[in-house]
Amino acid sequence: MSVRVRFAPSPTGQLHVGNVRTALYNWLFARQHRGAFILRIEDTDPERSRREYEVQILDDLRWLGLDWDEGPDVGGDFGPYRQSERLALYRDYATRLLEAGWAYRCFCTEEELERERAQARAEDRPYRYSGRCRQLSEREVRERAKAGLPYTLRFRVRPGPIVWEDVVRGPIRWEAEVIGDFVILKSDGWPVYNFAVVVDDLLMRITHVIRGDGHLSNTPRQLLLYEALGATPPVFAHLSTILGADGTKLSKRHGATALREFREQGYLPEALFNFLALLGWAPPHEVGELLSREHLLELFALEKVSKAPAIFDLQKLKWMNRAYLKAKPLEDLVSAVAPYLQQAGRVPTPLDEATRAWLQRVVEAVLTHVEHLSQIVEETRIIFEYDLGTALTYPEVREVLEDAGALDVLRRMERELADVPVITTEAFREAAARVREQTGRKGRALFHPLRIALTGRPSGPELDKLVPIYEIGATLPLPRPIPSVRDRLRQFLEWAERVRAESPSR
Ligand code: GLU
């Protein structure tokens, strides 16, 4: 029998990294076994389900590179793939269980049930349904139904153990006694989760259910339903919870938890794919942790997935993302960062060819400081912003202002560059060499004032890289033009004079 697995998100919010890990493991398992990966939308909560979320979920999965063989958008032989479009099937199966005596009508009102729950709380015992309507005679049922009283269908839980061999957690045993008779169909005709899932997994011929361990307590109920339907249940694999670095369940407190947030911050899909694959499964030691999709497909083993909670280590994700960023061709990186710079109003939309080519230099110069792409905006301030007002906040800039020798270097440099038609890195170095001869200042004493004057900051990428970036950048149609090397020197010197004149101590 060929493998068929499913990812079954509820469209009630954005995809959480935990869900994405579930999707990823299902996908890996399906592709490894040349089986089918099915996407099913579990929208049985009409109040909380939204079509926009479904659209986002599909989009996020595609972005990560997960493709599905059957689903709401692509169809398939076992559809429809939205639970809200399968209500007739659930009713049909519920009726079968009712007729076979596995289910019964329950007329308990919400108030009555709440009383039972309150009683259980008062006695400090876990709640389970008393089974009151189990006892109703056929006549009583008929009369109440005739009187138009609303009812739910409840599953009649049989006594005795429920056991299964979980791929991740090993043998598991539950006593049915702790499970009260549970509702399978609500009075409005909608199924409850446990029932819909079983009908769907059965009809969609799912062979392996790989899902989060938050569903562990649902599995015994689902197994009882398979039993009642006379069907063989799928194999179950419950993935451990994902914890934050502090050992508590990963939540908003830990920062971003939705895939979309990471996507917006500019993490690469291949980095997230790699990172999430390692949340709960470890590759053999000798292959390291940076693994391509193809490599992961080769190595991943569901039966090796750990039952110990996985730790979401953001530092590790950043490290991985950087590794993938470094490996990416510059052209691709430019395409990836352009939207961030465009949104910040720094480069034009659409991007002209000259600016695109120039951005390769920009990206190359700042890449070592970028962990995820949205940081490009911050890291390129040194290129797009030349603000001498801010410069004064750096003590190093003040030092240069107070150092007559440093200002002399700048004046001489300005003179040396005056007639240079295009200030390339070489031309800049040659001019600096002449200034060195004239002043006797070398190394830091020579280049530090130049850096301060050109960038307005004490540190940043190498001047060799910045010089052509400024020179070429000054010729581009940027929304906010940037000054050339010569303009920077001039502006800085004029400004230095003004500041010195205004400062009474000098
Ligand atoms: N819809 C469920 C959820 O989002 C998944 C159900 C399942 O995998 O059985 O948690």
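Caption draft 1: Region of the structure containing the packing of helix α19 (residues 425-439) against helix α21 (residues 463-473). Interhelical geometry of α19 versus α21 gives an angle of 120 degrees and a closest axis separation of 9 Å. As judged from the angle between their axes, α19 and α21 are oblique. When you trace α19 past α21, the crossing you get is right-handed. Taken together, the residues of α21 that come into contact with α19 (itself represented by Thr425, Phe428 and Arg429) are Leu463, Asp464, Val467 and Pro468. Of the residues assigned to the contact of α19 with α21, the class counts are 4 nonpolar, 1 polar and 2 charged.

Caption draft 2: Up close: the pattern of salt bridges. In this structure the tally under the stated criterion is 45 salt bridges. Residue Arg82 is joined to Glu54 by a salt bridge in which the shortest nitrogen-to-oxygen separation is 2.9 Å. On the criterion of sequence distance, the pair formed by Arg82 in the loop between α2 (51-64) and α3 (87-99) and Glu54 in helix α2 is long-range, its members being 28 residues apart. Both residues of the pair, Arg82 and Glu54, count as buried. Between Glu85 and Arg82 there is a salt bridge whose closest N-O contact spans 2.7 Å. With a relative accessible area of 12%, Arg82 lands in the buried category. If you follow the salt bridges from partner to partner, you end up with Arg6, Arg40, Glu42, Arg86, Asp200 and Asp201 in one network.

Caption draft 3: Quick peek at the site of the ligand. Lining the immediate surroundings of the ligand are Arg6, Ala8, Ser10, Glu42, Tyr193, Arg211 and His215. Within the side chain of Arg211, a nitrogen or oxygen atom sits 2.7 Å from an oxygen atom of the ligand. Protein coverage of the free-state accessible area of the ligand, which is 290 Å², stands at 82%. Taken together, the residues that form the shell around the ligand break down as 2 nonpolar, 2 polar and 3 charged.

Caption draft 4: Expanded view of helix α12 (residues 330-343). Helix length check: α12, at 14 residues, gives a terminal C-alpha distance of 20 Å against a target of 20 Å (1.5 Å per residue), a fit within 8%. If you look at α12, its biggest bend is around 35 degrees, right at Val337, and the proline Pro339 turns up within four residues after that. Restricting attention to buried positions, one finds in α12 the residues Leu333, Val334, Val337, Ala338, Tyr340 and Leu341. The inward-facing, buried residues of α12 abut α8 (259-265), α11 (314-327), α13 (353-366), α14 (376-379) and α15 (381-384). Positive phi appears at Gly345, one or two residues downstream of α12, with a value of about 70 degrees.

Caption draft 5: Here's a closer look at the environment of Ser374. Here Ser374 lies in the loop between α13 and α14. Between the C-alpha atom of Ser374 and that of Arg498, which follows or precedes it by 124 residues, the distance is 37 Å. With residues near it in sequence (within four places) discarded, Ser374 still touches Glu264, Gln265, Gly266 and Tyr340.

Caption draft 6: Examining the packing of α19 against helix α20 (residues 444-455) more closely. Remark: α19 packs on α20, axes separated minimally by 11 Å, with the N-to-C direction vectors making an angle of 130 degrees. The angle between α19 and α20 places the two elements in the oblique class. Relative to α20, the crossing made by α19 is right-handed. Along its contact with α19, which presents Phe428, Ala432, Val435 and Arg436, the element α20 presents Leu446, Phe447, Leu450 and Leu454. Split into classes, the residues belonging to the contact of α19 with α20 amount to 7 nonpolar, no polar and 1 charged.

Caption draft 7: Examining the pairing of strand β6 (residues 170-175) more closely. As judged from the 6 bridges shared by strand β5 (residues 161-166) and β6, these two strands associate in the antiparallel manner. Note that in β6 the partner of Ile162 across the bridge is Trp174. Linking β5 to β6, which pair antiparallel, is a turn of 3 residues.

Caption draft 8: Seen up close, unusual backbone geometry. Cis geometry is adopted by the peptide bond preceding Pro80, which originates at Gly79 and carries an omega value of -5 degrees. Here Pro80 is to be found in the loop between α2 and α3. Between Thr349 and Pro350 the backbone carries a cis peptide bond, its omega angle lying at -10 degrees. With respect to the helices, strands and loops of the structure, Pro350 is situated in the loop between α12 and α13.

Conventions adopted
Residues numbered from 1 in each chain as written. Predicted model: local features only at pLDDT ≥ 70, side-chain atom pairs only at ≥ 80, totals over all residues. Heavy atoms only, no water. Axes fitted to C-alpha atoms, helices over the stretch in contact; angles between N-to-C directions. Helix = DSSP H or I, 4+ residues; strand = E, 2+ residues; numbered from the N terminus. Parallel < 35°, antiparallel > 145°, perpendicular 65-115°, else oblique. Left-handed = near helix turned anticlockwise from the far one by under 90°. Contact = heavy atoms within 4.5 Å. Nonpolar A, V, L, I, M, F, W, Y, C, P; charged D, E, K, R; others polar. Salt bridge = Lys/Arg side-chain N within 4 Å of Asp/Glu carboxyl O. Buried < 20%, exposed > 50% of the residue type's maximum accessible area, 1.4 Å probe, protein only. Near = heavy atom within 4 Å. Polar contact = N/O pair within 3.5 Å; in protein donor to acceptor, adjacent residues only side chain to side chain. Areas by Shrake-Rupley, 256 points an atom, 1.4 Å probe, with all protein chains shown as cover. Expected span 1.5 Å × (residues − 1). Bend = angle between axes of the 7 residues up to and from the residue. Pairing = 2+ DSSP bridges.

Read these as spatial facts, not as claims about activity.
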